[in-house]
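Now for the letters of each chain:
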Amino acid sequence: MRTPFIPLCLLAVLSLSGPVEAAAPSPAPRFLGPKREGPARRVVTLAPSLTEMVLAMGAGGTLVGVSRFDEDKAVAALPRVGGFVDPSVEAVVALKPDLILVQPGPGNQRPVERMAELGVPVLLLPLHSVGDTLAALRAVGQALGQPKEAEALISRFEATRARIRAAAKTLPPRRVLLVYGFEPLVVAGPGSFAHELLGDVGALNVAADAGSAYPVYSVERVVRARPEVVVDAAHVDVGKDKLQALPGLASARWVEMPSLALLQPGPSLGKGLEELFGLVHPGAAGR
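Note that the coordinates shown come from a computational prediction; the quantities given were computed from them, not determined experimentally.

Caption draft 1: Just empty space enclosed by the protein, in detail. Counted according to the given criterion, the structure contains one cavity of 30 Å³ or more. One number sums up the size of the largest cavity: a volume of about 50 Å³. Thr133, Leu134, Leu137, Leu153, Phe157, Gly266, Pro267, Leu269 and Gly270 together form the lining of the largest cavity. Put simply, the parts of the chain that give the lining of the largest cavity at least two residues each are helix H5 (130-144), helix H6 (147-168) and helix H10 (269-280). Its residues placed into classes, the lining of the largest cavity shows six nonpolar, three polar and no charged. When residues of the lining of the largest cavity are sorted by domain, at least three fall in each of domain 1 (30-145) and domain 2 (172-280).

Caption draft 2: Summary view of the sheet that holds strand S4 (residues 99-102). Read across the open sheet, the five strands follow the order S1-S5-S4-S2-S3; overall the sheet is mixed. Among the strands making up the open sheet, the edge pair consists of strand S1 (30-32) and strand S3 (63-65). Recorded for the sheet is a direction-independent mean angle of 30° between the axes of neighbouring strands. Across three bridges, S1 lies against strand S5 (residues 122-124) in antiparallel orientation. Across the sheet, arginine 30 pairs through a bridge with leucine 124, a residue of S5.

Caption draft 3: Focus on the packing of H6 against H10. At their nearest, the axes of H6 and H10 sit 9 Å apart, and the two run at 15° to each other. Relative to H10, the element H6 lies roughly parallel. Judged by the twist between their axes, the crossing of H6 over H10 is left-handed. On H10, the residues touching Phe157, Thr160, Arg161, Arg163, Ile164, Ala167 and Ala168 of H6 are Leu269, Gly270, Leu273, Glu274 and Phe277.

Caption draft 4: Layout of the nonpolar core. If you look at the biggest cluster of nonpolar residues, it comprises 60 residues, and the most contacted ones within it are Leu101, Leu178, Tyr180, Leu197, Val231 and Leu276. Mapped by element, the contributors of at least two residues to this core are helix H2 (48-56), S4, H5, H6, strand S6 (174-181), helix H7 (193-200), strand S9 (229-232) and H10. Here this core takes eight residues from H5, the largest share from any one element. Looking at which domains feed residues into this core, each of domain 1 (30-145) and domain 2 (172-280) supplies at least three. Beyond its immediate chain neighbours, meaning those up to four positions away, leucine 178 contacts Val186, Val187, Ala188, Ala194, Leu198, Val231, Ala233, Leu262 and Leu276. Core analysis: the next-biggest nonpolar cluster, separate from the first, contains 17 residues, Leu177, Phe182, Val222 and Ala252 among them.

Cut-offs applied
Residues numbered from 1 in each chain as written. Predicted model: local features only at pLDDT ≥ 70, side-chain atom pairs only at ≥ 80, totals over all residues. Heavy atoms only, no water. 1 Å grid on protein atoms, 1.4 Å probe; cavity = no way out; pocket = protein on both sides within 12 Å on 5 of 7 lines; lining within 4 Å. Points joined across faces, edges and corners; volume = space filled by probe spheres on them. Helix = DSSP H or I, 4+ residues; strand = E, 2+ residues; numbered from the N terminus. Nonpolar A, V, L, I, M, F, W, Y, C, P; charged D, E, K, R; others polar. Domains from an automatic or database assignment. Pairing = 2+ DSSP bridges. Axes fitted to C-alpha atoms, helices over the stretch in contact; angles between N-to-C directions. Parallel < 35°, antiparallel > 145°, perpendicular 65-115°, else oblique. Left-handed = near helix turned anticlockwise from the far one by under 90°. Contact = heavy atoms within 4.5 Å. Core = buried A, V, L, I, M, F, W, Y, C linked by side-chain atoms within 4.5 Å. Buried < 20%, exposed > 50% of the residue type's maximum accessible area, 1.4 Å probe, protein only.

What follows is the structure, encoded as structure tokens:
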């Protein structure tokens, strides 16, 4: 059995985000608390995606605290300040940050507001869609005084995306289900960045009829949809065997995501897109 860490981390993100309606646009990045002057020098991040952004911009030296879900070796020695939905106000404030980077949601709203009330600038960065992720990169780049580095990351992703889209147009579309958890069955729905990337690689998301970005989906609906490819991003096998044995799913090609790139909306999304293309169209050119 695979490690249970990743889905616990993912479920924390989903509970933090709350129900994301497919057609509802995300709010833009915004600040809480006192206004910041100049580039941040002491930064706390409350999600691995945000830590990844800081590191990718070459600003890892500004980090003074991260979430307990952060596994990057570059931040292994840094203090942990809690999780997505339960950040410790006391632990964060004790580090004397001049900026906190937060993926906002109802689960962490009150502690984050309290940090701002105590005089620490907070940058709220929604990360539901690809557009959100690119906007977050720009906002973080500005806050860290690294706008050129942020634009370089965005340009790299957009070049990868254009290449993958062009390659996908030459291939037959595939009916795909992307699974984050088996019990309950949590899948990528409309409004999620994974749904957008499925479209980029020429996949038809069989859960496109769901009402939210990360729905608990009906097994009966999946059986009726008969996906050609099931992408396993759960990293835990509990409940998988039962689903694989069902009519309409036993004949599907089951594949596993080789990395965390499709679980963390940040600089690694380009890598996740390339991995997804290879899983949906094995052996095809364009990666």
